[in-house]
Amino acid sequence: MGVALSAGQALAQAKTEISLSRQPGIFYMPTHIIEKQKLIEKHAAALGVPGITTKWITFSGGGAQTDALLAGGVDILNTGTGNLLLLWDRTRGGVKGICATSAQPMTLISRDEKIKSIKDFGPGDKIAVPTVKVSTQAIVLQIAAAEAFGADQWAKLDPNTVQLGHPDAYAALSNSQHEVHSHFSIPPFTFLELKNVPGAHVVLSSPDVMGGPLSQAQFFTTTKFADANPKIVQAVRDATKEATDLIRNDTRTAVEIYKEITGDKTSVEDLLAWLKEPGMMEWNLQPQGTMKFATHLHKTGTLKTLPKAWTDYYLPLAHDLKGS
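Conventions and cut-offs
Residues numbered from 1 in each chain as written. Predicted model: local features only at pLDDT ≥ 70, side-chain atom pairs only at ≥ 80, totals over all residues. Heavy atoms only, no water. Helix = DSSP H or I, 4+ residues; strand = E, 2+ residues; numbered from the N terminus. Buried < 20%, exposed > 50% of the residue type's maximum accessible area, 1.4 Å probe, protein only. Pairing = 2+ DSSP bridges. Axes fitted to C-alpha atoms, helices over the stretch in contact; angles between N-to-C directions. Contact = heavy atoms within 4.5 Å. Phe/Tyr/Trp six-rings, centres within 6.5 Å; stacked < 30°, edge-to-face > 60°. Lys NZ or Arg CZ within 6 Å of the ring centre and 35° of its normal.

Further remarks concern the environment of Tyr313. Along the chain, Tyr313 turns up in the segment after α14 (290-299). You can call Tyr313 buried: its relative accessible area is 0%. With 259 residues separating them in the primary sequence, Tyr313 and Thr54 have C-alpha atoms 25 Å apart.

It is worth spelling out unusual backbone geometry at this point. Along the chain, Pro187 connects to Pro188 via a cis peptide bond; the corresponding omega equals 0°. Mapped onto the fold, Pro188 is located in the loop between β8 (180-185) and α8 (189-196). Backbone geometry at Lys38 places phi at a positive 50°, although glycine is not the residue there. Among the structural elements, Lys38 can be located in the loop between α2 (29-36) and α3 (39-46). The phi angle at Lys133 is positive, at roughly 70°, despite the residue not being glycine. Assessed through its relative accessible area of 51%, Lys133 is described here as exposed.

The next thing to look at is the sheet that holds strand β4 (residues 95-102). If you trace the five strands from one edge of the open sheet to the other, you get β2-β1-β3-β10-β4, paired in mixed fashion. Looking at the sheet topology across the chains shown, the edges are occupied by β2 (53-58) and β4. Put simply, the sheet's adjacent strands are angled 20° from each other on average, direction ignored. With six bridges connecting them, β4 and strand β10 (residues 217-222) associate as antiparallel partners. Looking across to β10, one finds that Lys96 is bridged to Thr221. Strand contacts of helix α11 (residues 230-249): β1 (17-22), β3 (76-79), β4 and β10, with the helix running at about 15° to β4, the strand carrying the most contacts.

Moving on, we come to helix α5 (residues 81-90). Most of α5 sits out of view: nine of its ten residues are buried. Two residues or fewer past α5, Arg92 is found with a positive phi of approximately 55°.

A few words now on the packing of aromatic side chains. Within the structure shown, the criterion is met by seven aromatic pairs. Where Trp310 meets Tyr314, the ring centres are 5.5 Å apart and the plane angle is 75°; that geometry is what we call edge-to-face. Overall, the relative accessible area of 0% leaves Tyr314 in the buried class. Aromatic rings pair up to connect Trp88, Trp310, Tyr313 and Tyr314 into one cluster. The positively charged end of Lys156 is found above the aromatic ring belonging to Phe149, 5.1 Å away from the centroid.

And the structure:
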């Protein structure tokens, strides 16, 4: 009887309008291509689920996205590793990844000339991150603090962090009177700040801290939704593959789509130049660097469960990928 009930519930949850969320920035370019070219709709139809529609919502930070997922307001998120791991842990495996989308560098930028390394931050020096304590940037900062000050000092810079979405953090850095002088930034804000903010310079970047690329954006959903909508989840993975292939093979078209969907006023030529910078073409379906992240979160008590492998917090349809 229980099995019959579960099947009935699964049937009831199968959806035709799918709501997805993301944040601002180039990290999310695959999602802009997926939206513009209706790739989820296309791949769902190819898998025998025609008539799907998608609705995209942009949030300023991952915290608001995860709240929306748990409240049932959004079906699928595209956001950072920290949010995925925390939800996977909090729901005891009830939230899992579909596939990664990008692992571009995150960069801690300061316009304060006295701050050359993270050892130079004083108690009053504010650092903007998208969500305090749990955003990918906040956690990379903790890992960097543990390396700089000692393993037990991982939270040393937590009191310095303030919660600002990337566009607001860029505005704060651009205002010489604003109390926030530093921002753990992502592209394109990284490049805009270095280009336009007087005195802006790099303090550290995520590949230096993590020893390589770290997936900053990935699709994830509830296992309840995935079980009820397996072909839609597969369509998301197939759509992501098509979108990342386009970015690699026809970067100009990808950039033009990004500009159209986001309204970013940056020139196509500037965006193309930025995408030639080190680490900027890390558009991969496999999760990268996420277990180092998980190990840190477990060590600090943020994650109650230490995953044995990245496949613990990713759905089976991703297990053929060479993740880390």
